[in-house]
Amino acid sequence: MAFKISAAEVKKLRDQTGAGMMDCKKALQEAEGDFDGAIEYLRKKGQKMTEKRADREAKEGVVLALTSEDNSKGIAVRISCETDFVAKNDEFVAFVASIAELALANFPENAEALAALELSAGKTVADALVEKTGVIGEKIELNSYGRVEAAKVISYVHMGNKAGVVVGFNKDVDNLETAGKDVAMQIAAMHPIAVDKDGVDASIVEKEIEIGKEVARNEGKPEQLLERIAMGKLNAFYKENTLLNQEFVKGNKQTVAQFLGTLDKDLTVTSFVHITLG
């Protein structure tokens, strides 16, 4: 005979865990009314579901970007799921928002540190992700996290939570709120890999030089000119792939650096984070 559970007990468990009404009722029945035992039941269910779906691809999800009230800090985080249906669910978006707000309040250094933070009484972000996997029945994971700290930080969420940008500036000036959003949109649209050429990883630079030489060699260019040609191609790579050197998408054939210079001659970007789905 099933253990009798009141509707109030089911609601209390649902409010704390976010699990469905039927899942909460079953958990309480299995735990014979013991609240902590029911929570443990749901967590174990989530762990089993996590193991079962470990090889699934979680390409959908929600990306959020937030800044602090004083605009000195910003974070971006991506929580992934398997289907667009779940990603658009209001409860799931709210769940991701709770993690993003926790990240902004605590400003952890990396995703591992974020996963270890306590999201609610006795439950870490990692625990909550496992629990949510059991509730939803899809692979749910903390896919990406990044943070920026600067004199002025601006965030931007693109395409219905499918991409998020946080960009830091070295100073605050008039009209930067609007201009900063434009720069953040530039990052979302043009996918720069670094702020400037000095931020490009040395291995990427080396690879681009070798590619430039190989292309020139295959075109029959003299061996003594290969280095010079490769460096020219590298400069073109910088213009396409580094933020300050890109052509500003909303400007009149000016670079992002030149656009910022119209607001203040010393204004520049110090760092950015760009997180997308896929």
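Reference entry: report on the structure contained in this document. (Residues numbered from 1 in each chain as written. Predicted model: local features only at pLDDT ≥ 70, side-chain atom pairs only at ≥ 80, totals over all residues. Heavy atoms only, no water.)

1. Quick notes on the environment of I39
- Counting through the fold element by element, I39 comes out in helix α3 (residues 35-52).
- For the pair I39 and K88, spaced 49 residues apart in sequence, the C-alpha to C-alpha distance is 26 Å. (Helix = DSSP H or I, 4+ residues; strand = E, 2+ residues; numbered from the N terminus.)

2. Quick word on the pattern of salt bridges
- Enumeration over the complete set of coordinates arrives at 13 salt bridges.
- When the shortest N-O distance is used, the salt bridge between E214 and R217 registers 3.1 Å. Placement of the pair is E214 and R217 together in helix α9 (residues 202-218), with a separation of 3 residues, close to one helical turn.
- By relative accessible area, which is 38% here, E214 ends up partly exposed.
- Among the residues examined, R217 registers a relative accessible area of 36% and is labelled partly exposed.
- Ionic pairing is found between D266 and K265, a salt bridge with its closest N-O pair at 3.3 Å.
- D266 gets classed as partly exposed once you look at its relative accessible area, which sits at 42%.
- Classification of K265 as exposed rests on a relative accessible area of 73%.
- A single salt-bridge network, built from bridges that share partners, covers E60, D84, K88 and K162. (Salt bridge = Lys/Arg side-chain N within 4 Å of Asp/Glu carboxyl O. Buried < 20%, exposed > 50% of the residue type's maximum accessible area, 1.4 Å probe, protein only.)

3. Topic: the sheet that holds strand β2 (residues 73-81)
- In space, the 3 strands of this open sheet follow the order β1-β2-β5, with antiparallel pairing throughout. With partners counted over all chains shown, the strands left at the sheet margins are β1 (60-67) and β5 (141-149), one partner each. Sheet twist, expressed as the mean angle between neighbouring strand axes with direction ignored, is 10°.
- Across 8 bridges, the pairing between β2 and β5 is antiparallel. Bridge assignment links A76 to a residue of β5, and that residue is G146. (Pairing = 2+ DSSP bridges. Axes fitted to C-alpha atoms, helices over the stretch in contact; angles between N-to-C directions.)

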